[in-house]
Amino acid sequence: MENAVEKIKVWFRFVPREGWLPMDTEGLWATRHSADTAGVQNIPFLQDGVAEGDVARFRTDSDGVHWAVGRVSSAGNCTIRVLPVATGPLGRSAQAVHQRLAEFRLGGEVFSEEFPMVAFTAPAGADFAGIKALLQQGQEEGWWHYEVGCGTDEWWNA
């Protein structure tokens, strides 16, 4: 019999940012590694300091909810969030954001049609310098705003 991989949702708490989405928690799908650790399996839209593939430690409350208490290890991936400028050349198109960054073959997810922010995973070993240059160019030319939700030393030094 095959061992089933247990998927769980690990919840992260954070202080909401002014002028940003009015949320203070985000649930990320994860694969359980042990009684209190799990590997993050999707891209955080809101939580900083964690990226897809990282291992998080959690505590399970009396309701069975798994709350993150820290990061155990990094996969070396980075989380980048890009929000197209509605009045810019890309309009509100998440697809146009994907197309502009397609050369880097990044995995990305769109928050919603109403809020077309795209969260990308820049994998360890990607062309971080090239990605950073394009993100900066896009911001300077009014295509989008971007932020790095989780960066590694390799990202910051590229």
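For the structure, see preceding data.
Student: Explain the packing of aromatic side chains to me, please; I cannot follow it from the model alone.
Tutor: Here a ring pair, both rings aromatic, is described through the centre-centre distance and the interplanar angle of the planes. One pass over the structure, following the stated rule, counts five aromatic pairs. Consider the rings of Trp 11 and Trp 67, whose centres lie 6.5 Å apart with planes at 50°: the pair is tilted. In this pair, Trp 11 sits in strand S1 (residues 7–13) while Trp 67 sits in strand S5 (residues 66–73), placing the two residues 56 residues apart along the sequence. Since its relative accessible area comes to 17%, Trp 67 is described here as buried. Taking the centre distance of 5.8 Å and the plane angle of 90° together, the rings of Phe 111 and Phe 115 count as edge-to-face. In this structure Phe 111 comes out as partly exposed when scored by relative accessible area, which is 27%.

Student: Just to check I follow, could you spell out the nonpolar core for this structure?
Tutor: Among the nonpolar cores identified, the biggest contains 20 residues, and Leu 101, Ile 131 and Trp 144 are the most heavily contacted of them. Residue assignment for this core shows that the elements contributing at least two residues are strand S6 (78–84), helix H1 (94–100), strand S8 (118–122) and helix H2 (128–140). Tallying contributions element by element places H2 first for this core, with four residues. Ignoring anything within four residues of it in the chain, the contact list for Leu 101 reads Val 82, Phe 120, Leu 134, Leu 135 and Trp 144. Core analysis: the next-biggest nonpolar cluster, separate from the first, contains ten residues, Ile 8, Phe 12, Ala 30 and Val 50 among them.

Student: Would you mind showing me how to read unusual backbone geometry here?
Tutor: Only a minority of non-glycine residues have a phi that is not negative, and only a minority of peptide bonds are not trans. If you check the backbone angles, Arg 105 has positive phi at about 50° while not being a glycine. Looking at the secondary structure, you find Arg 105 in the loop between H1 and strand S7 (107–110). Judged by its relative accessible area of 72%, Arg 105 falls in the exposed class.

Student: Looking at this structure, I do not really get the side chain of Arg 81. What am I missing?
Tutor: Checked against the element boundaries, Arg 81 lands in strand S6. For Arg 81, a relative accessible area of 1% gives the class buried. From its side chain, Arg 81 meets the backbone oxygen of Pro 44 in a polar contact 3.2 Å long. Within the local environment of Arg 81, its side chain forms a polar contact with the side chain of Glu 147, the two groups lying 2.7 Å apart. Setting aside chain neighbours within four positions, we find Arg 81 in contact with Pro 44, Phe 45, Leu 46, Gln 47, Asp 48, Met 117, Val 118, Ala 119, His 145, Tyr 146, Glu 147 and Gly 149.

Parameters at a glance
- Residues numbered from 1 in each chain as written.
- Predicted model: local features only at pLDDT ≥ 70, side-chain atom pairs only at ≥ 80, totals over all residues.
- Heavy atoms only, no water.
- Phe/Tyr/Trp six-rings, centres within 6.5 Å; stacked < 30°, edge-to-face > 60°.
- Helix = DSSP H or I, 4+ residues; strand = E, 2+ residues; numbered from the N terminus.
- Buried < 20%, exposed > 50% of the residue type's maximum accessible area, 1.4 Å probe, protein only.
- Core = buried A, V, L, I, M, F, W, Y, C linked by side-chain atoms within 4.5 Å.
- Contact = heavy atoms within 4.5 Å.
- Polar contact = N/O pair within 3.5 Å; in protein donor to acceptor, adjacent residues only side chain to side chain.

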